[in-house]
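The lines below spell out each chain.
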Amino acid sequence: MAGLLERIERARREPLHALAPEDARRAYVAAAEVLDLPRAPLHRVQELNLQARDGSPLAARLYADADGPLPVMLYLHGGGFVIGSLETHDSLCRQLAGRSGAAVLALDYRLAPEHRFPVAVHDAWDALCWLQQHGASWGLDVSRLAVGGDSAGGTLAAVCALQARDAGLPLALQLLITPGTSAHGDTGSRRLFANGFLLDAATIEWFFEQYIEHNHRGDWRFAPLTRDELEGVAPACVILAECDPLVDEGLAYADRLRAAGVSVTLELYRGLTHDFIKMGRVLDEAGQALQAAADALKDAFRL
């Protein structure tokens, strides 16, 4: 990991926070698959369109490696609510579908600053409801649903799990990969890993400035750690990286879930940074984390 960070530093790429959002998105797409595993062939990869509550179409992509009514996880990509897409997380979703035997539906939720908080939250929840109502017509077993995501997508997944609990929509699992959960960057890991560990403090703040007003950051839909009642939410698989500025809030959220009686599987990968799970070409631990996530889906769906 240290060697990889040195090579990234020597490349002298313009930091994301120094770019306009559109340029940052293009840069992320260009770099997304350099370190990621090659796109695995699957039996079924299908482009779909869902509908948001305001009537806007939302692109989605369905991954499955078998026929028949499969259980399905809604997957929400990372990227600070500003960057990321179906393309940047295509390999990861293929890996989760292929390794678990479940279907994965990836959502292209709308991004900031064009669509600020809470649009991404609404899109994620609308997609989960749409999936529950219409998934059977796509050959999916909607009696077995899960939600997952990485980074900002992990935040959205945690929020979706809480909304599902509140709405009486049963979920088999929430898969939270290096999620953000805190309203304010006041943890020890935010300070310790503020610079030189892939996700810098300046980039985090740039993401949040694009996405949400300062006075709204206490809203639990942005910071689920601020939610009072966590009882009865779906079982969680939480995958964290030791050298990630978000690791402390990920640990704190896992602890809060456990204290509320929620079943939690926690995987903490030592010596690794944020986004390591998308570096399978160079890090063996990326494959281990993908397998841990897939195994959690298998167990939750009883596959």
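Here, the structure is the one placed above.
Residues numbered from 1 in each chain as written. Predicted model: local features only at pLDDT ≥ 70, side-chain atom pairs only at ≥ 80, totals over all residues. Heavy atoms only, no water.

### Here we look at the packing of aromatic side chains
Going by this rule: Under the pairing criterion, centres of Phe, Tyr and Trp rings, with the six-membered ring standing for Trp, must be within 6.5 Å; the plane angle then separates stacked pairs below 30 degrees from edge-to-face pairs above 60, leaving the rest tilted. Accessible area is worked out with a 1.4 Å probe on protein chains only. A residue is then buried under 20% of its type maximum, exposed over 50%, and partly exposed in between. Note on conventions: DSSP H or I runs of at least 4 residues are helices, E runs of at least 2 residues are strands, and numbering of each starts at the N terminus.
Going through the model one piece at a time under the given rule, you end up with 8 aromatic pairs. With 5.6 Å between their ring centres and 50° between their planes, Trp206 and Phe207 make a pair best called tilted. We classify Trp206 as buried; its relative accessible area is 10%. Between the aromatic rings of Tyr211 and Phe222, the centroid separation amounts to 6.2 Å while the plane-to-plane angle is 40°, which identifies the pairing as tilted. Highlighted residues: Tyr211 in helix α7 (residues 201–211) and Phe222 in the loop between α7 and β7 (236–241), separated in sequence by 11 residues. For the pair Tyr211 and Phe222, one class covers both residues: buried. Following the ring pairs from residue to residue traces out a cluster consisting of Phe81, Phe117, Phe208, Tyr211 and Phe222.

### Quick notes on α7
Short version of the rule: Whether two residues are in contact is decided by their heavy atoms, any of which lying within 4.5 Å being enough.
Those residues of α7 lying buried are Thr203, Ile204, Trp206, Phe207, Phe208, Gln210 and Tyr211. In this fold, the buried residues of α7 make contact with α2 (21–32), α4 (119–134), α5 (152–167) and α6 (188–192).

### Observations regarding the sheet that holds strand β8 (residues 264–269)
Basically, it comes down to this: For two strands to be treated as a pair, DSSP must find at least two bridges joining them. Lines fitted to C-alpha atoms define the axes here, with helix axes fitted over just the stretch in contact, and angles between the N-to-C directions of these axes take values from 0 to 180 degrees.
Read from one edge to the other, the open sheet built from 8 strands follows the order β1-β2-β4-β3-β5-β6-β7-β8, with strand pairing classed as mixed. Where the open sheet ends on each side, the last strands, each with one partner, are β1 (44–51) and β8. In this sheet, adjacent strand axes meet at a mean angle of 20° when their direction is disregarded. Across 5 bridges, the pairing between strand β5 (residues 140–150) and strand β6 (residues 173–177) is parallel. Pairing of Ala146 across the sheet is with Leu173, part of β6. Packed onto the sheet, helix α9 (residues 284–301) meets β3 (70–76), β5, β6, β7 and β8 and runs at close to 175° relative to β8.

The quantities given are spatial measurements derived from coordinates; they are silent on function.
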